[in-house]
Amino acid sequence: MFGKARVRNGKAGIFVLTLLLMGYAAMTALAQNKPESKNMDLVGYNDLQGRSAYQPTIHHQGNRWIAYIGHHGGSAMNSLTGKMEDNGTSIVDVTDPKNPKYLAHIPGDPRIPGPGETGGAQMARVCDGSELPRADKKKVYLLRSRGTSSHEMWDVSDPAKPTLMNVVESGLRDTHKSWWDCDGGMAFLVSGAPGWRAKRMGQVYDLGDPSEPQFVRDYGLPGQEPGSTGPQPSDMHGAISTGPKGNRIYAGYGTTKSGVIEILDRDKLIHGPKEPTAANLESPMIARLDLPPDVGAHTTFPMIGVDVPNLGKYGPAISKRNFLLIVGETTDNECQAVEQMMHIFDITDESKIFGVSTYYVPEPSGNFCSRGGRFGTHSTNESMTPVFYNRIIFIAYFNAGLRAVDVRDPYNPKEIGYYIPAITDKTDKRCVGTGDAAKCKVAIQTNNVEVDDRGYIYIVDRANTGMHILQLTGDARKIENLP
């Protein structure tokens, strides 16, 4: 009798569990169909023609604000020309953030079927000729990667009519997240130069006169150079320079695992010995930190001159400190691999780097592993506008959307807001498994973020959802340093 009762109760338990799981799935789906937010509002939106987006750059161009957005490989209809075009660079007027206007699309390379990133034109950096040392002062210039093979220079003085000027470098095996110092003219390209063991390494170009690119040198970690042997360090992902005044370059290697942080003397890198030997690669290196095998270094964002609140009583010699904020890139869908996070390192004494804090989004807070796509960090904003610098960092967190984090006390970062867009009819699916065993879900994949001097925040989506323009609200907005 008791046995029968247990059987009946077991069936009932299974039935209840099934209902709970169905309700859980329904709640997850509902969350995807409407935006979720805290202390953050949507201001404007553009679908970017349904193209998979990577890096946005927001440029104050005369009396206008123009967004230049790089794209992953793929293709879509260009509504301005009525033609299918390989994904490249979108140019959008965001002067009125409530009504962004799509101005032009510069096609990139076609995507090659198979694994890895191919095609498109992922990176976009923009400088005014009035800032560059030897440029036409009336012009505006766009440096972009094209596919995995080249870097190009475009005249975007009229952003609706971009014109190709020259090819800075070609014949490469790969390209990625480059940097361009407008005040000095030096560009730190991520390339795959022939002969190097690393698929991605660094190249320095003097683009002070964009019409005449001048090669300076190749660089990377010892063990990546031509002719080297032994273990090969992780490929370079990107570098951030503090320009001639700051005289530092912060480079990240290994986006998803076995990350390496490198701090370089910018002047020594530019003017030091150029031959890519191990000794010459080490010469401009001030510090190097090898991270654990499960930690990547996608973005290396410096926070210089932070007044740490709790250390103020000891005087500026102790309280004013320098930090380096690192995020890795999560690449596996539905939590099939370790979630990457944000880590902050104290670099006040560059010879003694140490970690001080970590920030991450708890998965249960949004049941993110079941939503589909990637869950974890990817990138941060890179603008150092005084509106947000050393105050708030914005993190693109894939299916957890955008996260705003108060970093005024780097020892204790605190989330102060978030925005997760709703999926649209253009949002693409993300799958686990292959062939007949593949299980796919449509999911937001907030990929990159940038900010401007007006306090607007721009996020773009890897799964074709477009660009959302946001602003902070409530208590979070009070932390901004608006003019």
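Quick note: structure is the one above.
Notes on the structure follow.

Basis of the calculations
Residues numbered from 1 in each chain as written. Predicted model: local features only at pLDDT ≥ 70, side-chain atom pairs only at ≥ 80, totals over all residues. Heavy atoms only, no water. Pairing = 2+ DSSP bridges. Helix = DSSP H or I, 4+ residues; strand = E, 2+ residues; numbered from the N terminus. Axes fitted to C-alpha atoms, helices over the stretch in contact; angles between N-to-C directions. Buried < 20%, exposed > 50% of the residue type's maximum accessible area, 1.4 Å probe, protein only. Polar contact = N/O pair within 3.5 Å; in protein donor to acceptor, adjacent residues only side chain to side chain. Contact = heavy atoms within 4.5 Å. Core = buried A, V, L, I, M, F, W, Y, C linked by side-chain atoms within 4.5 Å. Disulfide = S-S within 2.5 Å.

Overview of the sheet that holds strand β9 (residues 124–128)
Strand order across the open sheet formed by four strands is β9-β10-β11-β12, with antiparallel pairing between neighbours. For this open sheet the edge positions go to β9 and β12 (163–169), each flanked by a neighbour on one side alone. In this sheet, adjacent strand axes meet at a mean angle of 25° when their direction is disregarded. Sheet analysis places strand β10 (residues 140–146) next to strand β11 (residues 150–155), joined by six bridges and oriented antiparallel. By the bridge assignment for β11, S145 is matched with H151.

Some thoughts on the side chain of N78
Summarising the element assignment, N78 is placed in strand β5 (residues 75–78). Overall, the relative accessible area of 1% leaves N78 in the buried class. Side-chain polar atoms of N78 contact the side chain of Q49, separated by 2.9 Å. Residues in contact with N78, not counting those within four places in the same chain, are Q49, R51, K83, E85 and H105.

With respect to the nonpolar core
Of all hydrophobic cores here, the largest spans 44 residues; its most connected members are F188, V204, Y219, L325, M342 and I393. Residues within four places of Y219 in sequence aside, it is in contact with F188, W196, M201, G202, Q203, V204, M236, A239, L264, L269 and L281. Formed by 18 residues, the second largest nonpolar core is a distinct cluster that contains I392, I416, V449 and I479.

With respect to the state of the cysteines
As enumerated under the stated definition, the model contains three disulfides in all. The disulfide that involves C127 links it to C182, with 2.0 Å between the sulfurs. Across the disulfide from C127 to C182, rotation about the S-S bond amounts to roughly -85°, and the bridge is consequently left-handed. With C127 in strand β9 and C182 in the loop between β13 (179–180) and β14 (186–191), this pair connects stretches of sequence that are 55 residues apart. The burial state of C127 is the same as that of C182; both residues are buried. Here C335 is linked by a disulfide to C369, with a sulfur-sulfur distance of 1.9 Å. Taking the sign of the S-S torsion, -90° for the link of C335 and C369, the bridge is left-handed. Taken together, the positions of C335 in the loop between β22 (320–327) and β23 (342–346) and C369 in the loop between β24 (354–359) and β25 (375–380) put the pair 34 residues apart, joining distant regions of the chain. Judged by its relative accessible area of 29%, C335 falls in the partly exposed class. If one numbers only the bonded cysteines of the chain, in the order they occur, the disulfide pattern is 1-2, 3-4, 5-6.

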